[in-house]
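Here's the letter readout for the chains.
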Amino acid sequence: MNAPEELLKITDLRVHFPVRGGIFRRAVGSCKAVDQVSLVLQKGQTLGLVGESGCGKSTLAKAVVKLVEPTSGSIKFKNQEIAGKKAQNNFRKNVQMVFQDPAESLNSRMTVGAILEEPLDIHNIVEKNVRSERVGELLEQVGLSASAANRYPFEFSGGQRQRIGIARALALQPELLVLDEPVSALDVSVQSQVLNLLMDLQSKLGLTYLLIAHDLAVVKHVSDIIAVMYLGKIVEIGPAEEIYLNPVHAYTKALISAIPIPDPTKKRERVIIPGDVPSPINPPAGCAFGHRVGSSLYPESVGKKLDMEEVSTGHFVLQCPCCT
Amino acid sequence: METDILLDIKGLSVSFETDEGTVQALDSVDFQVGLGQTLGLVGESGCGKSVTALSIMRLLPKPVGKITSGRIHFQGKDLLELSPDGMRQVRGNEIGMIFQEPMNALNPVRTIGDQLSEVFLLHQEIGVKEAWLKSVEMLHDVGIPAPDTRAFEYPHQLSGGMRQRVVIAMALACRPKLVIADEPTTALDVTVQAQILELLQTLQKQLGSSVLLITHDLGVIAETCDEVCVMYAGRIVERASTVELFANPRHAYTRGLLSSIPRLDTMPKTELSTIDGMVPGLSDLNQGCRFAPRSGKIHPQALLDQRSPLQEVTEGHWVESCPLCSNL
C-alpha cells in the first residue's frame, strides 16, 4: 500500500446565496449556506456528513460536483482546483452523484438502457457498438439483470430504481461518488440491500464516497470519517467510532442522543434540544448552537473567532466557550 | 380487563377498485387498543397501515375504497354504522388524527389560530372569541413560544417542527379519547422528532388518551409503544407487547426487519442482513402465507392457498401460524 492519497481537499469553502429585496431586486443580505468549511477525503474512504435539514449538507455536495459556484475558498480534486470559472471541467467524469429520490431523478420517458448510455455518449468513452454490452455489465454490477435495459423506470420498485441511479453514476467509472441521502426514500428491508451494495462496490472498485444522510445509524455503519454540520459550519469531524464514543461538541452529543434505539429495554437519558436551526440569513452573533439552547455562557462566544482544534488524532472540534 | 378496551377492530377487510381490478388492501385485521395505551402499527409502505387509520376515521377515498367486512367498535358503538353526521361528531372530537406531512394537513391561506378555532367552533358550543382564546392556550400547551402572536401567523411562516406542533394541537384540541398518529415524525429531523415524541407522550399522560401510532421506524416503536402489531401485505403477522416482540420475534418478517436495521452498536462496514426480494404488489396476492416468496423456504401449495390463522404462542403474543415462517 502506498501512502493514502488525498482525493478531495476543501479549504475554507463558502457558498453564500444573495437575498434580494426591494423593487430593483438588489442584494440586501446573504444566506450563508456553507461557511468556512474545510475537509480532506482520502482515496477509498467514506466521509459521512450529518446534520439537520437546512444545515448546508446538500449545498456542500452540490459545490463538490460543481452544480453551484462557491463564493470563496478552494475545492481540489486530485490536486486540481475545480472551484472558480477558470477551472477545467474534465474532473466531472471522475465525480458522480447519486440522488435521494430515485423516482424523480430518472427520466420517466427514457428506457433504462438510454439512461445509462447517455453519460457514455456525452463523454464519448465507450465505442458505440459496445455500449449496450457496457450497459448490461453496469446493470449486473448493481444486481439487476441485463434485460432491464429495455424497460422503463416506472416498471421498477424503489430499491431497484435506486440501483439504476447507482449504475448511472458508475457508468463513467468515477473515483468519487457523492451520495445525497441514497437510502432515505427506501423501505427498511430494501435500505439494507442498497447499503450492502454500496459497501460491496466500494471494496471492489476502490470508490471514495461522500455520503450525506440524516440517519446517524446508517452513517456510522458505512463511514470512516464523520463530519457534523450545524448552520453551514462543521462543528466536529473525526473517525466514526471516535465521534460516537467520545463526542465533544454539545450538538453532536444531542444529535446522537436523539436517535431512537430499537430496543425497548434500554431507557436512556435524552438530551432534547429546544427550538429549531436558526436562519442562515440572519445567524446569531456568537455560537449558533449556544444561542439555540440558551446557554448561560453564550454571551462569551459573541464576537469571538471560533476555531477548530484537534482534541485527539484526526478528531477536530469547533472550540467555543458554551458548547465544548 | 374487558371493560378497558377503547377501540376494538375485528375482521376488518378493505378493498380498492383500480384499473387492474379489485385489490385487497386489508385482509381481516384484528386488534384492540386499551384505555391509555399506546399501540404501534409497523410495516413497510403498502402494507396497509394508513388504510387502517383511514378506515377507523371513515375517510377512505370514495368511491374506490370500500370496507368489505368487519367491525370497528369504539367505546361500544360501531363506527361503521354511524350516519355521516354522527361520524362528524366523532372525528376531531372523540378521535383525533395527526397526519404525516404537516404542510399538507394545514390550510395555507388561513392563520393557524383561525384553523384551530374551527375545531372548537364545530365541536363545542362557544363563541368565536372564546374559541380563539382556547386556541392560544392550546398552542401554548404544545410548546409554541409567544402563542398569542403566533396564532396570527400562516403555516408557511412556521418551521416543520412548529407546524407539526400545530397539527398536534388541532388533533388534541377537544381532548379526544383516541389519537391516531400516522407517521407523525417521518418528515422531521431526528432532533425535532425527539421533541415531538416527547411532547406526544407528555400530552397523552395529561389527557389519559390512547394512541394508535403508525410508523415504519422500529426505533420510534421501541421508545413509545406498549404493544406492537407488525403488518405485512395487508395483514397483521405478529402482535405482542413491545418488550416481548423485540426480545422474541417469532415471525420471519419481524426477525428480518429487526436484523436489517443498522444500529449504533453493530460492527461498522460489515454486511447487513437483508430480506430478499421486495414488498409484493397488492394486485397479485395469494390467500395463504404472503411472506413465502421472501422467506427463502419452499412452501407447499396448501400453505400458499390457505391462510394460517393467528395463534397465541405465549400470553398476549400472537403470530401468524405458518409453520415455515414462524417459530411456534
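All figures in this text were calculated on a predicted structure; none of them were measured in a lab. Along each chain, the written sequence defines residue order, and numbers are assigned to residues from 1. Ligands are numbered from 1 and chains lettered from A, in the order in which they are written. Where totals are concerned, whole chains, interfaces and linings use all residues; where local detail is concerned, this predicted model gives features only for residues with pLDDT of at least 70, and gives and counts side-chain atom pairs only at 80 or more. Hydrogen atoms and water are omitted, and side-chain values are computed over all heavy atoms in the structure.

Enquirer: Mind showing me how you'd approach the overall build of chain A here?
Expert: Numbering goes from the N terminus for both helices and strands, where a helix is a DSSP run of H or I of at least four residues and a strand is a run of E of at least two. The helix and strand inventory of chain A stands at eleven helices and twelve strands. Here the C-alpha atoms of chain A give a radius of gyration of 21 Å, agreeing with the 20 Å that 2.2 N^0.38 yields for 324 residues. Only protein chains enter the area calculation, which uses a 1.4 Å probe; residues under 20% of their type maximum are buried, those over 50% are exposed, and those in between are partly exposed. Within chain A, the fraction of its 324 residues that count as buried is 52%. Considering only contacts within chain A whose residues lie at least 6 apart along the sequence, 63% involve residues at least 24 apart. Here the open area of atoms and residues is found with the Shrake-Rupley method and a 1.4 Å probe, where only the protein chains shown may cover a residue. In the form shown here, chain A has an accessible surface area of approximately 14600 Å², with 50% of it arising from carbon and sulfur atoms. Positive charges are assigned to Lys and Arg, negative charges to Asp and Glu, while His and the chain termini are left out of the count. Each charge is placed at NZ for Lys, CZ for Arg, CG for Asp and CD for Glu. Here chain A contributes 35 positive and 34 negative side-chain charges, whose respective centroids are spaced 6 Å apart. Each radius of gyration is computed over the set of C-alpha atoms, and the globule rule expresses the reference value as 2.2 Å times the number of residues to the power 0.38. What makes two residues a contact is simply this: any of their non-hydrogen atoms within 4.5 Å.

Enquirer: Which parts of the structure should I look at to understand the overall build of chain B?
Expert: What chain B contains, in helices and strands, is 13 helices and twelve strands. The C-alpha atoms of chain B give 21 Å as radius of gyration, which agrees with the globular expectation for 328 residues (20 Å, within 12%). The principal-axis extent of the C-alpha atoms belonging to chain B is close to 65 × 50 × 45 Å. Across chain B, the fraction of contacts at a sequence separation of at least 24, relative to all contacts at a separation of at least 6, is 64%.

Enquirer: Would you take a moment to explain the nonpolar core for this structure?
Expert: Looking at soluble globular proteins, one finds that nonpolar side chains tend to be buried together. One finds Leu139, Ile166, Leu170, Ile226 and Tyr251 of chain A to be the most contacted residues of the largest nonpolar core, which totals 65 residues. Considering each element in turn, this core owes the most residues, six residues, to helix H6 (residues 188–205) of chain A. Those residues in contact with tyrosine 251 of chain A that sit more than four places away from it in its chain are Gly51, Glu52, Val228, Met229, Tyr230, Val235, Ile273 and Phe289 of chain A. Nonpolar cores are built from buried Ala, Val, Leu, Ile, Met, Phe, Trp, Tyr and Cys residues. Side-chain atoms within 4.5 Å join them into one set. Leu199, Val230, Tyr253 and Cys325 of chain B belong to the second-largest nonpolar core, a separate cluster that totals 63 residues.

Enquirer: Which parts of the structure should I look at to understand the domain arrangement of chain B?
Expert: By a widely used convention, the size of an interface equals the accessible area lost when the partners come together. Residues and elements named next belong to chain B. Residue ranges for the domains originate in an automatic or database domain assignment. Its domain assignment divides chain B into domain 1 (2–225) and domain 2 (251–328). In this structure, domain 1 and domain 2 have C-alpha centres spaced 29 Å apart. If you look at the interface, domain 1 gives ten residues, while domain 2 gives twelve residues. Carbon and sulfur atoms supply 54% of the area that domain 1 and domain 2 bury against each other, a total of about 960 Å² over both sides. Once two parts are put together, the accessible area they lose, assessed with a 1.4 Å probe and summed over both, is termed the buried area. When the area that domain 1 buries against domain 2 is broken down by residue, the three leading residues are Asp27, Glu44 and Leu218, summing to 48%. What counts as a salt bridge is simple: a side-chain nitrogen of Lys or Arg found within 4 Å of a carboxyl oxygen of Asp or Glu. Our count for the contact surface shared by domain 1 and domain 2 stands at three salt bridges. With a closest N to O distance of 4.0 Å, aspartate 27 and arginine 307 form a salt bridge. Pairs of N or O atoms within 3.5 Å make up the polar contacts considered here, provided that, within protein, one atom can donate a hydrogen while the other can accept it, and that residues adjacent in sequence are counted only when both atoms are side-chain atoms. Our enumeration of links across domain 1 and domain 2 arrives at three residue pairs in polar contact (both at pLDDT 80 or more). Tallying contributions element by element places strand S2 (residues 21–34) first for the side of domain 1 that touches domain 2, with five residues.

Enquirer: Could you clarify how one ought to interpret the pattern of salt bridges in this entry?
Expert: Proximity of charged atoms lets side chains of opposite charge pair with each other. Residues and elements named next belong to chain B. As enumerated under the stated definition, the model contains 25 salt bridges over all chains in all. Put simply, glutamate 94 and lysine 77 hold a salt bridge, and the shortest N to O gap is 3.5 Å. Taken together, the residues span a long stretch of sequence, with glutamate 94 in the loop between helix H2 (84–90) and strand S6 (95–98) and lysine 77 in strand S5 (residues 77–78) at a distance of 17 residues. For the salt bridge of aspartate 85 with arginine 88, the shortest nitrogen-to-oxygen distance reads 2.9 Å. Here the residue aspartate 85 and the residue arginine 88 both occupy positions in helix H2, the gap between them amounting to three residues, near one helical turn. On the accessibility criterion, aspartate 85 (52% relative accessible area) is exposed. Judged by relative accessible area, which is 46%, arginine 88 ranks as partly exposed.

Enquirer: What's the story with the interface of chain B and chain A in this structure? I'm lost.
Expert: On the side of chain A, 45 residues touch chain B, which itself brings 44 residues to the contact. Between chain B and chain A the total buried area reaches about 3600 Å² when both faces are included, carbon and sulfur atoms providing 57% of it. Together, Glu223, Leu264 and Lys269 of chain B form the three largest contributors to the area buried by chain B at its contact with chain A, with a combined 20%. Connecting chain B to chain A are one salt bridge. One salt bridge connects lysine 269 of chain B with aspartate 224 of chain A, and the closest N-O pair in it is separated by 3.3 Å.

Enquirer: Would you mind going over helix H5 (residues 158–170) of chain A with me for this structure?
Expert: Expected helix span is taken as 1.5 Å per residue step, with the number of steps being one fewer than the number of residues. Relative to the 18 Å expected for 13 residues at 1.5 Å per residue, H5 of chain A spans 19 Å between its end C-alpha atoms, a close match to the ideal helical length. Among the residues of H5 of chain A, those classed as buried are Gly159, Arg161, Gln162, Arg163, Ile164, Gly165, Ile166, Ala167, Arg168, Ala169 and Leu170 of chain A.

Enquirer: When you look at the sheet that holds strand S8 (residues 210–215) of chain B in this model, what are you seeing that I'm missing?
Expert: As a general point, the strands of a sheet are linked pairwise by backbone hydrogen bonds and lie either parallel or antiparallel. All names here are of chain B. Whether two strands pair comes down to DSSP finding at least two bridges between them. Spatial ordering of the open sheet is given by S6-S7-S8-S3-S9-S10-S12-S11, a layout of eight strands whose pairing is mixed. Sheet topology places S6 and strand S11 (310–314) at the edges, where each strand pairs with a single neighbour. On average, adjacent strands in this sheet sit at an angle of 20 degrees to one another, irrespective of strand direction. As paired elements, strand S9 (residues 227–232) and strand S10 (residues 235–241) share six bridges and run antiparallel to each other. Bridge pairing in S10 places methionine 231 opposite isoleucine 236. Throughout, an axis means a line fitted to C-alpha atoms (over the contacting stretch in the case of helices), and angles, computed between N-to-C directions, take values from 0 to 180 degrees.

Enquirer: Help me understand the sheet that holds strand S4 (residues 65–74) of chain B, please; the structure alone is not making it clear to me.
Expert: Residue and element names in this part refer to chain B. In space, the four strands of this open sheet follow the order S2-S1-S4-S5, with antiparallel pairing throughout. Of all strands in the sheet, those with a lone pairing partner are S2 and S5, marking the two edges. Pairing analysis gives eight bridges linking strand S1 (residues 5–18) to S4, with the strands arranged antiparallel. Each bridged residue has a counterpart across the sheet, and for lysine 10 the counterpart in S4 is arginine 71. Packing of helix H1 (residues 49–57) onto the sheet brings it into contact with S1, S2 and S4, and relative to S1 it is tilted by some 110 degrees.

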